[in-house]
Amino acid sequence: MSFFSKIFSKDKPNAGMRPLYESIVQEGRQIAWYEEGQVPDSIDGRFDMIAAIFALVMIRLEKEEDRGQDIAWLTEIFISDMDGQLRQIGIGEMVVGKHVGRMMGALGGRVGAYREALENGANLEDAILRNIFRGEKPADAALAYVARQLAAYHAALQGLDSSEVIAGKLPDSGSAK
């Protein structure tokens, strides 16, 4: 491919990560999170669940040094989607960048919090209360459900080959028990 072909190509190098991103979003929208887990069924609640699943996938992919570019491309898709979602709900051009920046900061915080809880023994329920329920404590059974499902999902991801993850062949929370 020539230099000009690369510059003007309509093919995006991150396109291969689209199936994974779509699988993450699909999992984050599973109804059980909102019914059994009592995650608020709102724009923020949906963002929080998608960000949680996204964070678990990133934690899985970080385990392999050669997946850095894949993580970057996946993150580009996330940013593009969040930018589009904000515009669609009417956030103005002047502040979209600030909102996306905050979302990326929130995502980074979630990756760290879930990594600490799931791999380093920190309290997962505390991380969930801060990052999914934003300090509003749900019923004990709902919190336990979300914690159990996220821990099981994390464990199921560890059992997958990274090529399966990249292809978007993720476990679903119903089978990650």
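Owing to the predicted nature of the structure, the values given are computational and were not obtained by experimental measurement.

(A) Local environment of the overall build of the protein. For the protein, the count of helices and strands is 9 helices and 0 strands. What you see in the protein, going N to C, is helices and strands ordered as α-α-α-α-α-α-α-α-α. In the protein, 63% of the contacts between residues at least 6 apart in sequence involve partners at least 24 apart. Of the accessible surface of the protein, which amounts to about 9400 Å², a share of 52% is contributed by carbon and sulfur atoms.

(B) Representation of the packing of helix H7 (residues 124-131) against helix H8 (residues 140-158) in the model. Running from amino to carboxyl end, H7 crosses H8 at an angle of 110°, the nearest separation of the two axes being 10 Å. Here H7 is positioned roughly perpendicular relative to H8, judged by the angle of their axes. In this structure, H7 contributes Leu 124, Glu 125, Ile 128 and Leu 129 to the contact, and H8 contributes Leu 143, Ala 144, Val 146, Ala 147, Leu 150 and Ala 151. Residues belonging to the contact of H7 with H8 are distributed by class as follows: 9 nonpolar, no polar and 1 charged.

(C) Molecular detail of the pattern of salt bridges. Scanning the entire structure with this criterion turns up 9 salt bridges. Between Asp 48 and Arg 110 there is a salt bridge, with the nearest N and O atoms lying 2.7 Å from each other. A residue pair is termed long-range when its members are at least 10 positions apart, and Asp 48 in helix H4 (residues 43-62) and Arg 110 in helix H6 (residues 93-120) qualify at 62 residues. A relative accessible area of 5% places Arg 110 in the buried class.

(D) Focus on the environment of Ala 122. Mapping Ala 122 onto the fold places it in the loop between H6 and H7. Leave out the neighbours within four places in its chain, and Ala 122 touches Glu 116 and Ala 117.

(E) Inspection of unusual backbone geometry at higher detail. One non-glycine residue, Gln 38, lies in positive phi territory at about 55°. With respect to the helices, strands and loops of the structure, Gln 38 is situated in the loop between helix H3 (31-35) and H4. Positive phi, normally seen in glycine, also occurs at Arg 134, with a value near 50°. Relative to the assigned elements, Arg 134 resides in the loop between H7 and H8. Using a relative accessible area of 42% as the deciding quantity, one classes Arg 134 as partly exposed.

(F) Spatial organisation of the environment of Glu 64. By the secondary structure assignment, Glu 64 is in the loop between H4 and helix H5 (68-88). Taking the C-alpha atoms as reference points, Glu 64 and Ser 162, 98 residues apart in sequence, are found 8.2 Å from one another.

(G) Local environment of H7. Inspection of H7 places Leu 124, Ala 127, Ile 128, Leu 129 and Asn 131 among the buried residues, and these make up the whole buried set. Where H7 begins, the capping side chain belongs to Asn 123, and its oxygen is found 2.8 Å from the backbone nitrogen of Glu 125.

(H) Region of the structure containing the packing of helix H2 (residues 18-28) against H4. For the pair H2 and H4, the least separation of the axes is 8 Å and the interaxial angle reads 135°. Comparing their axes, H4 and H2 come out oblique. Judged by the twist between their axes, the crossing of H2 over H4 is right-handed. Counting all contacts with H2, which are made through Leu 20, Tyr 21, Ile 24, Val 25, Glu 27 and Gly 28, the residues of H4 involved are Met 49, Ile 50, Ile 53, Phe 54, Val 57 and Leu 61.

(I) Molecular detail of the packing of aromatic side chains. On inspection of all chains with the given rule, the structure shows 5 aromatic pairs. Of the aromatic side chains, those joined through ring pairs into one cluster are Tyr 21, Phe 47, Phe 54 and Phe 78. Against the face of Tyr 34 rests Arg 46, its NZ or CZ located 4.7 Å from the ring centre.

Thresholds, definitions, all that
Within any chain, residue numbers begin from 1 and follow the written order of that chain's sequence. Reporting of local features is limited, given that this is a predicted model, to residues whose pLDDT is at least 70; pairs of side-chain atoms are given and counted only at 80 or more, and all residues count toward the totals for whole chains, interfaces and linings. Values reported for side chains reflect all heavy atoms of the structure, with hydrogen atoms and water molecules removed beforehand. Per the convention used, a helix needs a DSSP run of H or I reaching at least four residues, while a strand needs a run of E reaching at least two, with both numbered from the N terminus. Every residue pair with non-hydrogen atoms within 4.5 Å of one another is taken to be in contact. Note on areas: Shrake-Rupley, 1.4 Å probe, and residue coverage restricted to the protein chains presented here. Fitting a line to C-alpha atoms yields each axis, with helices limited to the stretch in contact; the angle taken between N-to-C directions then spans 0 to 180 degrees. Throughout this description, any angle smaller than 35 degrees is read as roughly parallel, any larger than 145 degrees as roughly antiparallel, any in the 65 to 115 degree range as roughly perpendicular, and the remainder as oblique. Classification convention: Asp, Glu, Lys, Arg as charged; Ala, Val, Leu, Ile, Met, Phe, Trp, Tyr, Cys, Pro as nonpolar; all other residues, Gly among them, as polar. Salt-bridge detection follows one rule: a side-chain nitrogen of Lys or Arg within 4 Å of a carboxyl oxygen of Asp or Glu. Relative accessibility decides the category of a residue: with a 1.4 Å probe and only protein chains considered, values under 20% of the type maximum give buried, values over 50% give exposed, and everything between is partly exposed. Residues adjacent in sequence count toward polar contacts only when both atoms are side-chain atoms; beyond that, a polar contact is any pair of N or O atoms within 3.5 Å, and within protein one must be able to donate a hydrogen and the other to accept it. The sense of a crossing depends on the near helix, which, turned anticlockwise from the far helix by less than a right angle, makes the crossing left-handed and, turned clockwise, makes it right-handed. By convention, a stacked pair of Phe, Tyr or Trp rings (six-membered ring in the case of Trp) has centres within 6.5 Å and planes under 30 degrees apart, an edge-to-face pair has planes over 60 apart, and any other such pair is tilted. Our definition puts a charge over a ring when NZ of Lys or CZ of Arg is within 6 Å of the ring centre and also within 35 degrees of the ring normal.

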